[in-house]
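So you can see what is in the structure, the chains are spelled out below.
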Amino acid sequence: MKVLVTGGGGFLGQVICRMLRAQGDEPVAFQRGEARALVENAIEVRRGDVCRPQDVQAAAEGCEAIIHTAGKAGAWGDADLYRAINVHGTQNVLDACTVLGIRRLVFTSSPSVAHGGGDIEGGDESLAYPESYAAPYPQTKAAAEQLVMAASGSALKTVSLRPHLVWGPGDNQLLPRLVERAHRGTLRLPGAHKLIDATYIDNAARAHLLALAALDSNTACHGKTYFISNGEPWPQAKIIAALLDAVGVETEIKPIAASAAKFAGALAESWWRLSRRDDEPPVTRWSAEQLSTAHWYDITAARKDLGYEPEVSMVEGLRRLAAARPEA
């Protein structure tokens with residue numbers, strides 16, 4: 001089966017492409033930039049912008065299914081840009097499915113779409129969308145997820161996945177940010193003891209392949225969304241310390257009051273707006289909110305409907321991460 005993977009050159013997309021290839025499918029990576037690692041592995045790359053309908057349709061030509069991982073992530077930035085990429089880009093993917101008769105779509109969402117600011121402990125798919133969001137990323141991902149779910153029907157079968165804090169070798173989001181903050185000195189965590197879960201990259205990628213297969217074999221997943229994680233909640237400070245240790249970075253973690261972290265986030269946002277800076281503040285209201293709360297999720301539904309099982313444990317994933325260090 002020929003499968004278009006939007007964002008195929010990204011951290012998650014590359015692993016999905018490699019796994020599709022390994023199981024005998026024909027992945028096509030769609031992205032704006034080059035993807036030499038994919039080309040070197042004989043994976044076709046079609047370049048374009050998800051915000052341009054004609055680019056998406058050209059990339060999807062000849063494909064039988066789409067795995068839509070492309071999106072704009074982050075805790076800060078222009079809301080219009082988030083909306084253009086995450087919402088309008090997703091609509092362009094849906095429109096391409098309609099025009100080309102593509103009947104299967106797996107969408108990469110985020111657990112943050114269901115996080116309203118308080119602790120989530122064992123939350124499942126019955127969690128409602130909050131009335132408001134503290135950042136454009138979860139807001140636009142929620143809007144995109146709802147488009148995907150609403151589009152599911154007789155002509156197009158869709159499913160949305162919410163992988164939580166994806167990490168592993170090759171990570172260009174979570175780990176680099178942790179390392180950058182660790183190099184600044186002591187890490188201050190407002191919720192060091194709060195339980196969170198995370199997802200090793202191979203588990204997250206495999207969940208997408210399972211979801212794609214389930215669209216044909218299990219009607220129960222049509223138009224549904226699923227939390228994906230390792231199913232191993234750890235205290236936040238333990239996860240951060242373990243990740244940094246695996247990449248060879250030592251740091252000291254100290255607690256800070258949640259109110260102080262949120263106040264610092266509000267101040268930082270105000271200063272960044274006034275100074276019109278393009279980079280991301282060291283803390284925002286949303287990142288402080290995330291760091292102040294427990295958020296781990298029940299993956300029973302994914303196990304039941306998709307056959308998902310996290311095959312790589314946290315401990316094994318950390319071992320692999322450490323082994324992937326250049327000096328290891």
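Treat the numbers as computed from the prediction; the structure is a model and nothing was measured.

Draft legend 1. Local environment of the overall build of the protein chain. A count of helices and strands for the protein chain gives 12 helices and 15 strands. Against the 2.2 N^0.38 benchmark of 20 Å for 328 residues, the protein chain shows a C-alpha radius of gyration of 19 Å, consistent with a compact globule. With respect to the three principal axes, the spread of C-alpha positions in the protein chain is 55 × 45 × 35 Å. Looking at the protein chain as a whole, 51% of its 328 residues are labelled buried. A fraction of 77% describes how many contacts in the protein chain between residues 6 or more apart in sequence connect residues 24 or more apart. Surface summary for the protein chain: the accessible area is close to 14500 Å², and the carbon and sulfur share equals 51%.

Draft legend 2. Representation of the sheet that holds strand E5 (residues 104-108). Read across the open sheet, the seven strands follow the order E3-E2-E1-E4-E5-E7-E12; overall the sheet is parallel. Strands at the two margins of the open sheet, each flanked by one partner only, are strand E3 (44-47) and strand E12 (224-228). The sheet shows a mean angle of 20° between the axes of neighbouring strands, taken without regard to direction. As judged from the five bridges shared by E5 and strand E7 (residues 157-163), these two strands associate in the parallel manner. Looking at E7, one finds that arginine 104 is bridged to lysine 157.

Draft legend 3. Representation of the packing of helix H1 (residues 11-22) against helix H7 (residues 201-217) in the model. Remark: H1 packs on H7, axes separated minimally by 9 Å, with the N-to-C direction vectors making an angle of 60°. Taken as axis vectors, H1 and H7 run oblique relative to one another. The two elements H1 and H7 meet at a crossing, and its hand is right-handed. Between H1 and H7, the residues in contact are Phe11, Leu12, Val15, Ile16, Met19 and Leu20 and Ile201, Asp202, Ala204, Ala205, Arg206, His208 and Leu209, respectively. Split into classes, the residues belonging to the contact of H1 with H7 amount to 10 nonpolar, one polar and two charged.

Draft legend 4. Geometry of unusual backbone geometry. At leucine 165, a residue that is not glycine, the phi angle is positive and equals roughly 45°. Looking at where leucine 165 falls in the secondary structure, it is placed in the loop between E7 and strand E8 (166-167). Positioned with a positive phi, arginine 276 is a non-glycine residue whose angle comes to about 55°. You can see arginine 276 is positioned in the loop between helix H9 (258-275) and helix H10 (285-292).

Draft legend 5. Representation of the packing of aromatic side chains. A full pass over the atoms with the stated rule returns three aromatic pairs. Each ring, one from tryptophan 167 and one from tyrosine 200, has its centre 5.2 Å from the other, and the planes form 75°; the classification is edge-to-face. Here tryptophan 167 is found in strand E8, whereas its partner tyrosine 200 is found in strand E11 (residues 199-200), with 33 residues between them in sequence. Considered together, tryptophan 167 and tyrosine 200 belong to a single accessibility category, that of buried residues. Taking 4.3 Å as the distance between ring centres and 15° as the angle between the ring planes, the aromatic pair formed by phenylalanine 227 and tyrosine 297 counts as stacked. Residue phenylalanine 227 is located in strand E12, and its partner tyrosine 297 is located in strand E15 (residues 295-297); the two are separated by 70 residues in the primary sequence. Given the relative accessible area of 0%, phenylalanine 227 is considered buried.

Draft legend 6. Expanded view of the pattern of salt bridges. The final tally for this structure, using the stated rule, is 22 salt bridges. The partner of arginine 206 in a salt bridge is glutamate 311, and the shortest N-O contact between them spans 3.4 Å. You can see arginine 206 sitting in helix H7 and its partner glutamate 311 sitting in the loop between helix H11 (300-306) and helix H12 (314-323), a full 105 residues away along the chain. Assessed through its relative accessible area of 22%, arginine 206 is described here as partly exposed. Residue classification places glutamate 311 among the exposed residues on the basis of a relative accessible area of 57%.

Draft legend 7. Expanded view of the state of the cysteines. One pass over the structure, following the stated rule, counts zero disulfides. Cysteine 51 forms no disulfide, and the closest cysteine sulfur to it belongs to cysteine 97, at a distance of 17 Å. Left unpaired, cysteine 221 is separated from the closest cysteine sulfur, that of cysteine 97, by 15 Å.

Draft legend 8. Geometry of the environment of serine 313. Residue position: serine 313 is located in the loop between H11 and H12. When its relative accessible area of 29% is taken as the criterion, serine 313 is described as partly exposed. Note: C-alpha distance between serine 313 and proline 176 (137 residues apart in sequence) is 21 Å. Among residues more than four places away in sequence, those in contact with serine 313 are Asn230 and Glu232.

The rules we used
Residues numbered from 1 in each chain as written. Predicted model: local features only at pLDDT ≥ 70, side-chain atom pairs only at ≥ 80, totals over all residues. Heavy atoms only, no water. Helix = DSSP H or I, 4+ residues; strand = E, 2+ residues; numbered from the N terminus. Rg over C-alpha atoms; globule rule 2.2 N^0.38 Å. Buried < 20%, exposed > 50% of the residue type's maximum accessible area, 1.4 Å probe, protein only. Contact = heavy atoms within 4.5 Å. Areas by Shrake-Rupley, 256 points an atom, 1.4 Å probe, with all protein chains shown as cover. Pairing = 2+ DSSP bridges. Axes fitted to C-alpha atoms, helices over the stretch in contact; angles between N-to-C directions. Parallel < 35°, antiparallel > 145°, perpendicular 65-115°, else oblique. Left-handed = near helix turned anticlockwise from the far one by under 90°. Nonpolar A, V, L, I, M, F, W, Y, C, P; charged D, E, K, R; others polar. Phe/Tyr/Trp six-rings, centres within 6.5 Å; stacked < 30°, edge-to-face > 60°. Salt bridge = Lys/Arg side-chain N within 4 Å of Asp/Glu carboxyl O. Disulfide = S-S within 2.5 Å.

All quantities given are derived from atomic positions and should not be read as evidence of function.
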